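One-letter residues, chain by chain:
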Amino acid sequence: MNNKKFDVIIVGAGPAGVGMGSVLRQLGLENFTILERMEVGATFKMWPEETRLLTPSFPGHGFGQLDLNAVVPATSPGYAYSSEHLTGEEYADYLKQVAGHFNLPVKTGITVELINKEEHEDKFVVHTDKGTFESEFVIWAAGEFQYPDLYPFEGSENCLHTSKVKSWSSLEQGDYYIIGGYESGIDAAYHLVKNGYKATVLSKGEPWNDDNPDPSVSLSPFTCDRLRTIADNKNLRLIGNAEIVKAEKDSGGFRLQLKSGSAVRTSCRPILANGYKSSLSLVLEHFYWNENGSVELTEKDESTVSDGLFLTGPQVKHGEVIFCFIYKFRQRFAIIAEELCVRLGIQVDQSVIQHYRQSSMFLDDLSCCDNSCQC
Ligand SMILES: Cc1cc2nc3c(=O)[nH]c(=O)nc-3n(C[C@H](O)[C@H](O)[C@H](O)COP(=O)(O)OP(=O)(O)OC[C@H]3O[C@@H](n4cnc5c(N)ncnc54)[C@H](O)[C@@H]3O)c2cc1C
């Protein structure tokens, strides 16, 4: 049984955990660890083989424009892999390089199961499959991808969630129905159609017609580009305003029941592209959940329920400002890190903070996040 005591424990070594750990290191924190159930960048290695980062990488850091997918200043995945849209494998490797460069104290093969903080205690007890750890502060960075939403409607276990697909080309040839028309649904349709399969996207709304300027809400330009290349392909159908309420399996295949009352039949297992429940499902009671399903955070991204528990990554939201992309949530790492230094009595190295600010990685004024577009 481990019984290690730390100042800070970070849960998860994806872009959020690695980016967070890197700034803690640069600010001189010593007694911290990163608990990771698999390996650094594990989520990216679980992506379907064909899937690529949507946000483009470009080595603009020499001119003060940090690569959109970098998690520390002065690095560029685009430069490192000579690619604008990295594969999951490449991006996982980039994260490993960063973790290695900063000699981050990542403990792999440890799954965090729950965290506790007794009333009037000033330490968290972090329960894992390898024993317990104690820490004054916990930064939750366990992401969303590994916690798919598998049961959104009756019979959805008959469907195949996109997060379980190893490669689109490994599926049997056929006529696939995809439930969900956002990024993962269109990504699935694109790869299926490119491989010569038929794909029908069924979506509650019509995301492909949404022109919201925030790519957290509408489809990314990369996806729109790809969609245009298959727009005239007779194997692709996009059907909006089609909400599925039930999936059944019988000897003839699958039957999808729509809310409108109609139904469709297919011989191929339907693909579920409805998103994720998020790892926050493990620590539900440590956050106040507001009516729109997101957690309430202080201006330092700390829980408003459990003092000392911070959240970093795509689940961070402040009002209408959604931090679901790496180039967004990376701007909050140094905010948390600076706060932790102050609370731990460590003098804040302002040159590090300044470097983060200059690299557009220190966003403390959320009123400046305006997605309106003049053109
Ligand atoms: C198909 C797809 C394409 C995407 N493309 C982009 C893009 O182009 N640009 C962009 O910015 N974002 C993109 N995203 C979103 C992006 O992947 C996420 O924002 C990013 O992975 C979040 O980083 P994270 O570190 O919070 O989570 P993750 O990358 O999921 O990392 C979490 C880590 O925590 C570990 N972990 C989980 N639970 C536990 C536990 N209980 N105990 C210990 N360790 C645990 C995991 O093994 C993992 O290593 C995409 C997402 C998907 C699904």
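Above this text you will find the structure in question.
So, here's what we can say about the structure. Everything numeric in this text was worked out from a predicted model, so none of it was measured. (Residues numbered from 1 in each chain as written. Predicted model: local features only at pLDDT ≥ 70, side-chain atom pairs only at ≥ 80, totals over all residues. Heavy atoms only, no water.)

### Considering the overall build of the protein
- From N to C terminus, the protein includes nine helices and 17 strands.
- Over its C-alpha atoms, taken along the principal directions, the protein stretches across nearly 65 × 50 × 35 Å.
- Per-residue burial for the protein yields a buried fraction of 53% across its 375 residues.
- Restricting to contacts in the protein with at least 6 residues of sequence separation, those with at least 24 account for 64%.
- Surface exposure of the protein reaches about 17,500 Å², of which carbon and sulfur atoms provide 47%.
- One finds the centroid of the 34 positive side-chain charges in the protein at a distance of 6 Å from the centroid of its 50 negative side-chain charges. (Helix = DSSP H or I, 4+ residues; strand = E, 2+ residues; numbered from the N terminus. Buried < 20%, exposed > 50% of the residue type's maximum accessible area, 1.4 Å probe, protein only. Contact = heavy atoms within 4.5 Å. Areas by Shrake-Rupley, 256 points an atom, 1.4 Å probe, with all protein chains shown as cover. Lys, Arg positive; Asp, Glu negative; His and termini not counted. Charge placed at Lys NZ, Arg CZ, Asp CG, Glu CD.)

### Here we look at the sheet that holds strand S7 (residues 160-161)
- Within the open sheet, the five strands sit side by side as S7-S14-S8-S9-S10. Their pairing is parallel. Bordering the open sheet on either side are S7 and strand S10 (236-239), each of which pairs with just one other strand.
- Bridge count between strand S8 (residues 175-179) and strand S9 (residues 198-202): five bridges; the pairing is parallel. Pairing of Ile 179 across the sheet is with Leu 202, part of S9. (Pairing = 2+ DSSP bridges.)

### Let's talk about the environment of Thr 200
- Take Thr 200: it is sitting in strand S9.
- Relative accessible area serves as the criterion here: at 2%, Thr 200 is assigned to the buried category.
- Once the C-alpha coordinates of Thr 200 and Gln 331 are considered, the two residues, 131 residues apart in sequence, prove to be 37 Å apart.
- Every residue in contact with Thr 200, bar those within four places of it in the chain, is listed here: Asp 175, Tyr 176, Tyr 177, Ile 178, Arg 237 and Ile 239.

### Quick look at the site of the ligand
- Neighbouring residues of the ligand: 35 residues in total, closest Glu 36, Thr 43, Leu 54, Tyr 147 and Ile 326.
- Here Leu 54 contributes a backbone N or O atom positioned 2.4 Å from an oxygen atom of the ligand.
- Side-chain polar atom of Tyr 147 to a nitrogen atom of the ligand: 2.6 Å apart, as the coordinates give it.
- Residue assignment for the shell around the ligand shows that the elements contributing at least two residues are helix H1 (15-26), strand S2 (32-36), helix H2 (42-45) and helix H7 (326-329).
- Here the shell around the ligand takes three residues from H2, the largest share from any one element.
- Classifying every residue of the shell around the ligand by side-chain character gives 23 nonpolar, nine polar and three charged. (Near = heavy atom within 4 Å. Polar contact = N/O pair within 3.5 Å; in protein donor to acceptor, adjacent residues only side chain to side chain. Nonpolar A, V, L, I, M, F, W, Y, C, P; charged D, E, K, R; others polar.)

### A few points about the sheet that holds strand S11 (residues 244-250)
- On the basis of which strands lie adjacent, the open sheet formed by three strands has the order S11-S12-S13 and antiparallel pairing. Both outer strands of the open sheet, S11 and strand S13 (263-266), are each paired with one neighbouring strand and no more. Pairwise comparison of adjacent strand axes, ignoring direction, gives a mean angle of 20° for this sheet.
- The pairing of strand S12 (residues 253-258) with S13 spans four bridges and is classified as antiparallel. The residue bridging Gln 257 from the neighbouring strand is Ala 263, located in S13. (Axes fitted to C-alpha atoms, helices over the stretch in contact; angles between N-to-C directions.)

### As for the side chain of Thr 87
- Inspection of the secondary structure puts Thr 87 in the loop between helix H3 (77-81) and helix H4 (88-101).
- The residues touching Thr 87, leaving out its near neighbours within four places in the chain, are Thr 51 and Arg 52.

### As for the pattern of salt bridges
- Enumeration according to the criterion identifies 15 salt bridges in this entry.
- With its nearest N and O atoms 2.8 Å apart, the salt bridge here joins Arg 226 to Asp 187. Taken together, the residues Arg 226 in helix H6 (residues 221-230) and Asp 187 in helix H5 (residues 183-194) connect sequence positions 39 residues apart. Taken individually, Arg 226 and Asp 187 each receive the classification buried, so the pair is uniform in this respect.
- Put simply, Glu 248 and Arg 255 hold a salt bridge, and the shortest N to O gap is 3.2 Å.
- Glu 248 sits in the partly exposed class, given a relative accessible area of 31%.
- The class of Arg 255 is partly exposed, set by a relative accessible area of 25%.
- Salt bridges sharing common partners tie together Glu 39, Lys 45, Glu 89 and Lys 96. (Salt bridge = Lys/Arg side-chain N within 4 Å of Asp/Glu carboxyl O.)

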